[in-house]
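For reference, the chains in residue letters:
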Amino acid sequence: MINVCLFGAGRIGAIHAANVASHPNAQLRYVVDVFADSANKLAAQYGAEVVSVEHALADPEVQAVIIASSTDTHARLIEQSATAGKAIFCEKPIDLDLERTRQCLATIERTGVTCLVGFNRRYDPQFNELKAQLDAGAIGAVEMVTITSRDPSPPPAQYVQSSGGLFRDMMIHDLDMACWLLGEAPVEVFATASCLIDPAIGAAGDVDTALVTLKTASGKLCQISNSRRAAYGYDQRIEVLGAKGMLQANNQLESTLVTTTNQGSTSAKPEYFFLQRYADAYRRELAHFIAVLDGKETLLTTAVDGLNALTLADAAVASVQSGRAVAV
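No experiment lies behind these values; they were computed from the predicted model shown. (Residues numbered from 1 in each chain as written. Predicted model: local features only at pLDDT ≥ 70, side-chain atom pairs only at ≥ 80, totals over all residues. Heavy atoms only, no water.)

Asker: I keep staring at the pairing of strand S9 (residues 209-216) and nothing clicks. Help me out?
Answerer: The two faces of S9 differ: Ala210, Val212, Leu214 and Thr216 on one face are buried, but Thr209, Leu211, Thr213 and Lys215 on the other face are not. In this structure, the hairpin formed by S9 and strand S10 (residues 221-227) is closed by a connection of four residues, where Gly219 is found at a positive phi of approximately 100 degrees. (Buried < 20%, exposed > 50% of the residue type's maximum accessible area, 1.4 Å probe, protein only. Helix = DSSP H or I, 4+ residues; strand = E, 2+ residues; numbered from the N terminus. Pairing = 2+ DSSP bridges.)

Asker: Teacher, can you tell me more about the pattern of salt bridges here?
Answerer: In the structure shown here, the tally under the stated rule is 18 salt bridges. A salt bridge links Arg122 to Asp305; the nearest nitrogen and oxygen atoms lie 3.4 Å apart. Taken as a pair, Arg122 in the loop between strand S6 (115-118) and helix H6 (125-135) and Asp305 in helix H12 (residues 303-322) lie far apart in primary sequence, 183 residues in all. Of the two residues, Arg122 and Asp305, both sit in the buried class. A salt bridge links Arg150 to Asp235; the shortest N-O distance between them is 3.3 Å. (Salt bridge = Lys/Arg side-chain N within 4 Å of Asp/Glu carboxyl O.)

Asker: Help me understand the side chain of Asn226, please; the structure alone is not making it clear to me.
Answerer: Within the element layout of this structure, Asn226 appears in strand S10. Exposure remark for Asn226: the relative accessible area of 1% places this residue in the buried category. In this structure the side chain of Asn226 is engaged in a polar contact, spanning 3.0 Å, whose partner is the backbone oxygen of Ser149. A polar contact of 3.0 Å, which involves the side chain of Asn226, links it to the side chain of Asp174. In this view, Asn226 contacts Ser149, Arg150, Leu166, Met170, Met171, Asp174, Asp208, Thr209 and Ala210; residues no more than four positions away in its chain are not counted. (Polar contact = N/O pair within 3.5 Å; in protein donor to acceptor, adjacent residues only side chain to side chain. Contact = heavy atoms within 4.5 Å.)

Asker: Teacher, can you tell me more about the packing of helix H4 (residues 74-83) against helix H5 (residues 98-111) here?
Answerer: A pair of packed helices is characterised by two quantities: the angle between their axes and the separation of those axes. It is at 9 Å that the axes of H4 and H5 come closest, and there the two elements cross at 10 degrees. On the basis of the axis angle, H4 is roughly parallel to H5. Packed against H4, whose contacting residues are Ala75, Arg76, Ile78, Glu79, Ala82 and Thr83, the element H5 presents Arg100, Gln103, Cys104, Thr107, Ile108, Arg110 and Thr111 at the interface. When its residues are assigned to classes, the contact of H4 with H5 shows five nonpolar, four polar and four charged. (Axes fitted to C-alpha atoms, helices over the stretch in contact; angles between N-to-C directions. Parallel < 35°, antiparallel > 145°, perpendicular 65-115°, else oblique. Nonpolar A, V, L, I, M, F, W, Y, C, P; charged D, E, K, R; others polar.)

Structure, rendered in structure tokens:
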């Protein structure tokens, strides 16, 4: 049985707490959050105890931590947890600053702890099967990847200011997926972006609509489409074109029911938000983390992946600002 300490009792923390509680080989021992009401409520729900960071990390019976607190706390908690010898599951990003991220990687390497970074989309059953078929040679050599990721509605402008913006907060998932599916690191990034949805997001210094093109050293291409508004729901699609054919993973719909009359056919909209769309991915991600700690699986999403995705996000920002392609 692996005892887990959860940092962060908000929306994502609650997802991880439920998944820990439902896993047969894990249990939630501690919850840590600066908001006492949230911490107490979540801890009571799963029979855990609310304590300080220092108390949790000093407990030798705690083998692992999940960092689901605000982004500005991730790097500090990673370093404290690694120094205490705890295995780490950290939500993306490690930090919004590349140099601070590199410092965390150095601490992880020095201490030798396991550190999974929460790029949950790699654990989605559809995307995982697409990757498996790709690796099995189903469509031959990869030539083009197209990733569509659009939110149903924009976040509050004040969230944008603390989150790191569209490229470092939202698109960072897609940049990681691009590296995973292309099979080699992009060496060139070209990005263009606008603020078409909420002027307050532009006033906060961010964008809400973006297209990014990545190119690898061998010439493989990837295009990512992001928007903070898709009126029809949470739009999550991947297409990979290869020398022998194409693989596609389409949207998950709210229902599989299709109504067909003499007026035509109608079907349900895509599932509304990430909590529904990626519920399975979150469960599989936690199960993978536990399996890695049990020595049964090899880590799929590492701190290096976190650094690589942030590097591409920074390059995309630089490309938008300069209007030119940026070498990575």
